[in-house]
Amino acid sequence: MFRTVHYKISSSNIPHSFDGFRIVHLSDLHGAFFGSGNYLLLQGIQKIKPDMIVMTGDMADNSSHAIERVTELCRKLCRKYPVYFAAGNHEQCLKGKGQETLIKSLKDMGIKVLYNSWETISRGGSYIKIYGLVTPMIYYKDRLREYKRGVSFTKTDAERFLGKTDASCYQILLAHNPLYFPSYRDWGADLTFSGHIHGGIIRIPGMGGLLSPDMTFFPKYDGGHFEEQGRHLVVSRGLGNHFLMRVMNPPELVAVTLGQRVRFARK
């Protein structure tokens, strides 16, 4: 089974009409399922009553039937909720025309696929923007595959892929790999959703997650809510698994509620 975790993100930049806006965050499913047809996962999402759903990659991989399972889940979700999707490293590595087939299927059913692009979400006369970042595989620092020492994703790279931010509104970024949160933060993302780390696979009480997919011990952004310089990062510990066995680290369904932070005028 999975557990459901709730976070509240408050900011004076969140429009009044988005106060109480609920977001379900799905990541790193890896084609897994919870009950027949993902019934239990769908039931968990329904209980949250989200206003939208975001997916931050690695929903599918090259395991048997993964694409079909993810497609089936997405078809059920998009009948009830707006869904936004940004690919992770495993979608980029799907065999043959796997990525092309998956992305086309998602777009055909009405899901907003954000491939280094953005969409505007309007509500009550106000709006926010949601961006989706898909970085080349070289930035994943995977020592078991393509790896180049010293490569890092910078604020300049974020501007190259996504353009400059719109400082006039609240901005949400979907970025699979949380390693580069300082760059996302400095680029201008008010709230970043990420996954990838799987909670560090083995969680050690008082110390956090042990290992990241790039073979780094005790990764900083292993899972949960982080705030730096007034910017927020929510890292899902993931719903599925791809390498090693999760220990003291159950699959995770993430719910985020946006809230206004009141500005106090100086006397």
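Residues numbered from 1 in each chain as written. Predicted model: local features only at pLDDT ≥ 70, side-chain atom pairs only at ≥ 80, totals over all residues. Heavy atoms only, no water.

(A) Seen up close, the pattern of salt bridges. Considering all chains together, one arrives at 13 salt bridges under this definition. Residue arginine 231 is joined to aspartate 190 by a salt bridge in which the shortest nitrogen-to-oxygen separation is 3.0 Å. Highlighted residues: arginine 231 in strand β13 (residues 231–235) and aspartate 190 in the loop between α6 (181–187) and β9 (191–194), separated in sequence by 41 residues. The partner of aspartate 222 in a salt bridge is arginine 203, and the shortest N-O contact between them spans 3.0 Å. With aspartate 222 in the loop between β11 (208–209) and β12 (224–228) and arginine 203 in strand β10 (residues 203–204), this pair connects stretches of sequence that are 19 residues apart. Using a relative accessible area of 17% as the deciding quantity, one classes arginine 203 as buried. (Salt bridge = Lys/Arg side-chain N within 4 Å of Asp/Glu carboxyl O. Helix = DSSP H or I, 4+ residues; strand = E, 2+ residues; numbered from the N terminus. Buried < 20%, exposed > 50% of the residue type's maximum accessible area, 1.4 Å probe, protein only.)

(B) Here's a closer look at helix α1 (residues 39–48). Taken residue by residue, α1 has Leu41, Leu42, Gly44, Ile45 and Ile48 as its buried positions. Axial view of α1: buried residues confined to an arc of 160 degrees, hence all on one face. Packing partners of the buried residues in α1 comprise β1 (3–11), β2 (22–26), β3 (52–55), α2 (66–78) and β14 (252–260). (Arc of directions from axis to C-beta. Contact = heavy atoms within 4.5 Å.)

(C) Seen up close, the nonpolar core. Within the largest apolar cluster, 32 residues are counted, with the highest numbers of intra-cluster contacts made by Leu26, Ile45, Leu77 and Phe85. Secondary-structure elements contributing two or more residues to this core are β2, α1, β3, α2, β4 (83–85), α4 (98–108) and β14. When residues no more than four places from it in sequence are discounted, the contact partners of leucine 77 are Leu26, Leu42, Ile45, Ile53, Met55 and Val83. If you look at the next biggest cluster of nonpolar residues, it comprises 24 residues, including Tyr84, Ala86, Leu174 and Phe193. (Core = buried A, V, L, I, M, F, W, Y, C linked by side-chain atoms within 4.5 Å.)

(D) Molecular detail of the pairing of β9. Burial along β9 is two-sided: the face carrying Leu191 and Phe193 and the face carrying Thr192 and Ser194 are both buried. The pairing of strand β8 (residues 171–175) with β9 spans three bridges and is parallel. By the bridge assignment for β9, leucine 173 is matched with threonine 192. With α6 bridging β8 and its parallel neighbour β9, the resulting β-α-β unit is right-handed. (Pairing = 2+ DSSP bridges. Right-handed = clockwise from strand over helix to strand, strands pointing away.)

(E) Examining the sheet that holds β4 more closely. In spatial order, the strands read β1-β14-β2-β3-β4-β5; together these six strands make up an open sheet with mixed pairing. Only two strands of the sheet have a single neighbouring strand rather than two, namely β1 and β5 (112–113). Here nine bridges tie β1 to β14, and the two strands are oriented parallel to one another. The partner of threonine 4 across the bridge, within β14, is leucine 253. The strands touched by α1 are β1, β2, β3 and β14; relative to β14, the strand with the most contacts, the crossing angle is about 15 degrees. (Axes fitted to C-alpha atoms, helices over the stretch in contact; angles between N-to-C directions.)

(F) Looking closely at the pairing of β3. Going residue by residue along β3, you find Met52 and Val54 tucked away on one face and Ile53 and Met55 tucked away on the opposite face as well. The pairing of β2 with β3 spans four bridges and is classified as parallel. Among the inter-strand pairings, isoleucine 23 is bridged to a residue of β3, identified as methionine 52. The handedness of the β2 to β3 crossover, carried by α1, is right-handed. Pairing between β3 and β4: three bridges, direction parallel. Looking across to β4, one finds that methionine 55 is bridged to phenylalanine 85. After leaving β3, the chain enters α2 and then returns to the sheet as β4, a path that is right-handed.

(G) Quick look at the sheet that holds β8. Pairing is mixed across the open sheet formed by six strands, whose spatial order is β6-β7-β8-β9-β13-β12. A single partner strand is all that each edge strand has here, and the edge strands are β6 (117–123) and β12. Taking each pair of neighbouring strands and ignoring which way they run, the sheet shows an average axis angle of 20 degrees. The pairing of β6 with strand β7 (residues 126–133) spans seven bridges and is antiparallel. Across the sheet, residue tryptophan 118 finds its bridge partner in β7, namely tyrosine 131.

(H) Focus on unusual backbone geometry. The phi torsion at asparagine 116 lies on the positive side, around 55 degrees, for a residue other than glycine. Relative to the assigned elements, asparagine 116 resides in the loop between β5 and β6. We note that glutamine 229 has phi near 55 degrees; this positive angle belongs to a residue other than glycine. Counting through the fold element by element, glutamine 229 comes out in the loop between β12 and β13.

(I) Representation of the packing of aromatic side chains. Summed over the entire model, instances satisfying the criterion amount to 11 aromatic pairs. Both rings, one in phenylalanine 2 and one in phenylalanine 34, keep their centres 5.3 Å apart while their planes meet at 85 degrees; by these two values the pair is edge-to-face. Separated by 32 residues along the polypeptide, phenylalanine 2 in the segment before β1 and phenylalanine 34 in the loop between β2 and α1 bring together distant segments of the chain. Taken together, the aromatic side chains of Tyr139, Phe153, Phe161, Tyr180 and Tyr184 make up a single cluster linked through ring pairs. Here lysine 129 stacks its cationic end above the ring of tryptophan 118, 3.9 Å away from the centre of that ring. (Phe/Tyr/Trp six-rings, centres within 6.5 Å; stacked < 30°, edge-to-face > 60°. Lys NZ or Arg CZ within 6 Å of the ring centre and 35° of its normal.)

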